[in-house]
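Commentary on secondary and tertiary structure
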Amino acid sequence: MDTAYAPRLRGSRVPVGLRAPFSGRTWREFLYLFLSLPMSVLMFTYAITVLALGAGLLVTFLGIPVLAGGLAGSRALGGLERARARALLGLEVADPEPPRASKPGLMGWVGAVLKSGASWRHVVYSLLHMPWAIFSFVFSLTFWSVGWVLLAYPLWRWTFPAYLDQPGALMWDDGSGHGIYLDAPAEIGFTSGFGLLLVLAGPWVIHGLTQVDRVMVHGLLGPSLLATRVSQLESDRGVVVDTAAADLRRIERDLHDGAQARLVALAMDLGLAKEKLAADPEAAAKMVDEAHGEVKTALQELRDLARGIHPAILTDRGLGPALSALSARCAVPVTVTVDLDRRPAAAIEGIAYFTASELLQNVSKHARATSATLDVWCTADRLMVLVADNGQGGAHTESGTGLAGLAERLDAVDGLLIVDSPTGGPTCITAELPWRG
């Protein structure tokens with residue numbers, strides 16, 4: 001066995017519950033709860049001061065810019081909280097959208113800050129986080145420290161008879177000098193065992209407390225759902241524009257290098273045939289015959305190009321016949337199954353067709369497969385396209401690959417590409433598209 005993996009294998013034999021109290025994640029989360037108290041006091045005090053000062057000065061002109069400056073400060077403190085959550089909780093929260101002034105100048109910025117929902121969410125976080133931070137700090141510190149103290153009770157029990165003149169920790173006293181002390185071996189063992197239970201439960205308690213902090217940081221200090229959606233749509237629009245530009249360049253290149261070049265050569269051949277028609281009719285007839293063949297080839301290239309833009313069979317008859325015709329041109333035998341009781345939107349139908357086309361091209365060129373299947377069906381509000389082959393596998397969506405570009409195109413319409421292709425095969429690639437019928 002490779003010795004490089006031996007420590008990992010040995011460590012994995014220790015149950016998770018026994019390793020949790022000593023794991024780095026537990027102590028980082030405990031440190032987060034510990035630091036939450038001073039941070040919450042600072043943010044709460046700042047928010048109350050800013051709100052009170054801004055409200056008090058609203059009777060003058062200074063109230064509005066002071067309030068805007070205070071909100072900007074709350075956003076800065078929110079940045080510290082996001083950084084703390086990122087470092088100790090491993091929580092990645094994007095910065096909220098910056099204030100967008102409708103006009104230049106100080107007053108434009110003031111108005112943008114005051115109208116920004118993110119600014120006010122930071123203030124709400126400052127007000128709500130303090131009571132929760134106090135509770136989580138006290139509860140986690142008490143629970144965690146009591147557990148470790150009770151677990152170690154056999155180690156420090158000797159301090160009671162040595163310095164306090166009593167046999168052990170006092171559990172109950174009737175007021176007349178009679179009480180119950182933890183001094184018997186069974187009592188000491190029970191105390192240590194109970195402490196062990198608290199220590200083992202501590203990581204889960206701490207993790208549960210930090211889950212609330214995760215929700216608060218993500219919901220109040222991050223970008224709003226609307227802003228996130230707008231950013232995603234802007235990114236998707238860029239992908240769509242780039243894809244359309246790439247398709248236009250491909251069509252232009254195919255026309256220039258294919259049909260256009262053939263038509264230019266055809267015009268030259270026909271011109272030469274016209275010149276030789278009177279002097280050498282046989283040579284002219286031969287050149288016309290060759291030109292006729294060039295016309296057929298050019299027409300076929302134009303048909304293929306038109307099919308690549310949008311096949312007529314897809315528009316007229318739908319996905320089933322179109323995919324059957326597509327699979328017939330594949331270099332690998334393909335079994336096609338289409339189970340659709342109605343047609344999706346034309347745009348989604350076209351994307352599904354070209355997705356299947358690109359996947360089948362990958363099977364023909366790279367998979368080294370002897371057979372493949374193409375299945376299309378609808379589930380809930382999703383159109384599913386599954387292409388599977390028995391080839392060599394190893395397909396992936398890393399940057400720069402054809403599948404990476406296909407995944408970006410699907411993502412632009414809220415679609416998804418799932419690749420399952422272990423080395424040695426088989427390969428199963430599933431494309432999910434919104435139905436939008």
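Computed from a predicted model, the values in this text were never measured in an experiment.

1. Describing the overall build of the protein chain
Counting secondary structure elements, the protein chain contains 15 helices and 7 strands. The proportion of buried residues among the 437 residues of the protein chain is 33%. In the protein chain, once contacts between residues fewer than 6 apart in sequence are set aside, the share between residues at least 24 apart is 70%.

2. Quick notes on the sheet that holds strand β7 (residues 427-434)
In spatial order, the strands read β3-β4-β5-β7-β6; together these 5 strands make up an open sheet with mixed pairing. Only two strands of the sheet have a single partner each, and these edge strands are β3 (334-339) and β6 (416-420). Within the sheet, the average angular offset between the axes of one strand and its neighbour, ignoring direction, is 10°. Relative to β7, strand β5 (residues 382-389) is paired through 8 bridges, and the arrangement is antiparallel. By the bridge assignment, A388 is partnered in β7 with C428. In the packing of helix α15 (residues 402-411) onto the sheet, contacts are made with β6 and β7, and the angle to β6 comes to roughly 145°.

3. Examining helix α14 (residues 346-367)
For α14, built from 22 residues, the straight-helix expectation of 32 Å at 1.5 Å per residue is met to within 8% by its first-to-last C-alpha distance of 30 Å. Along α14, the residues classified as buried are I348, E349, G350, A352, Y353, T355, A356, S357, L359, L360, V363 and A367. Two residues or fewer after α14 comes R368, characterised by a positive phi angle close to 55°.

4. Focus on the pairing of β3
Bridge count between β3 and strand β4 (residues 372-379): 6 bridges; the pairing is parallel. What sits directly across from T335, in β4, is T373. Handedness of the β3-α14-β4 crossover: left-handed.

5. Here's the deal with the packing of helix α4 (residues 63-88) against helix α5 (residues 106-115)
At a minimum axis separation of 9 Å, α4 and α5 run at an interaxial angle of 60°. For the element pair α4 / α5, the angle class is oblique. In terms of crossing hand, the pair formed by α4 and α5 is left-handed. Where α4 abuts α5, its residues I64, P65, L67, A68, G69, L71 and A72 lie against W109, V110, V113 and L114.

6. Structural notes on a nonpolar patch on the surface
A contiguous nonpolar patch, built from F61, L62, L106, M107 and W109 and spanning about 560 Å² of accessible area, is present on the exposed surface. Take M107: it is sitting in helix α5. Assessed through its relative accessible area of 41%, M107 is described here as partly exposed.

7. Section: the confidence of the model for the protein chain
Averaged over every residue, the pLDDT of the protein chain is 78; the share at 70 or more is 74%. Residue range residues 1-11 is modelled with pLDDT below 50. Its contacts to residues more than four positions away, or to other chains, number 3 contacts.

8. Quick notes on helix α6 (residues 117-151)
Spacing of three or four residues puts side chains on the same side of an α-helix, whose turn is 3.6 residues. Its 35 residues place the ends of α6 49 Å apart at the C-alpha level, agreeing with the 51 Å of an ideal helix rising 1.5 Å per residue. H129 marks the point of greatest bend in α6, at about 35°, and the proline P131 comes within the next four residues.

9. Thoughts on the environment of R100
In this fold, R100 is placed in the loop between α4 and α5. Residue classification places R100 among the exposed residues on the basis of a relative accessible area of 68%. Put simply, R100 and A112 are 12 residues apart on the chain and 5.7 Å apart in space, counted from C-alpha to C-alpha.

Cut-offs applied
Residues numbered from 1 in each chain as written. Predicted model: local features only at pLDDT ≥ 70, side-chain atom pairs only at ≥ 80, totals over all residues. Heavy atoms only, no water. Helix = DSSP H or I, 4+ residues; strand = E, 2+ residues; numbered from the N terminus. Buried < 20%, exposed > 50% of the residue type's maximum accessible area, 1.4 Å probe, protein only. Contact = heavy atoms within 4.5 Å. Pairing = 2+ DSSP bridges. Axes fitted to C-alpha atoms, helices over the stretch in contact; angles between N-to-C directions. Expected span 1.5 Å × (residues − 1). Right-handed = clockwise from strand over helix to strand, strands pointing away. Parallel < 35°, antiparallel > 145°, perpendicular 65-115°, else oblique. Left-handed = near helix turned anticlockwise from the far one by under 90°. Patch = residues over 30% accessible without salt bridge, like charges linked within 9 Å, V, L, I, M, F, W, Y side chains within 5 Å. Areas by Shrake-Rupley, 256 points an atom, 1.4 Å probe, with all protein chains shown as cover. Salt bridge = Lys/Arg side-chain N within 4 Å of Asp/Glu carboxyl O. pLDDT = per-residue confidence, 0-100. Bend = angle between axes of the 7 residues up to and from the residue.

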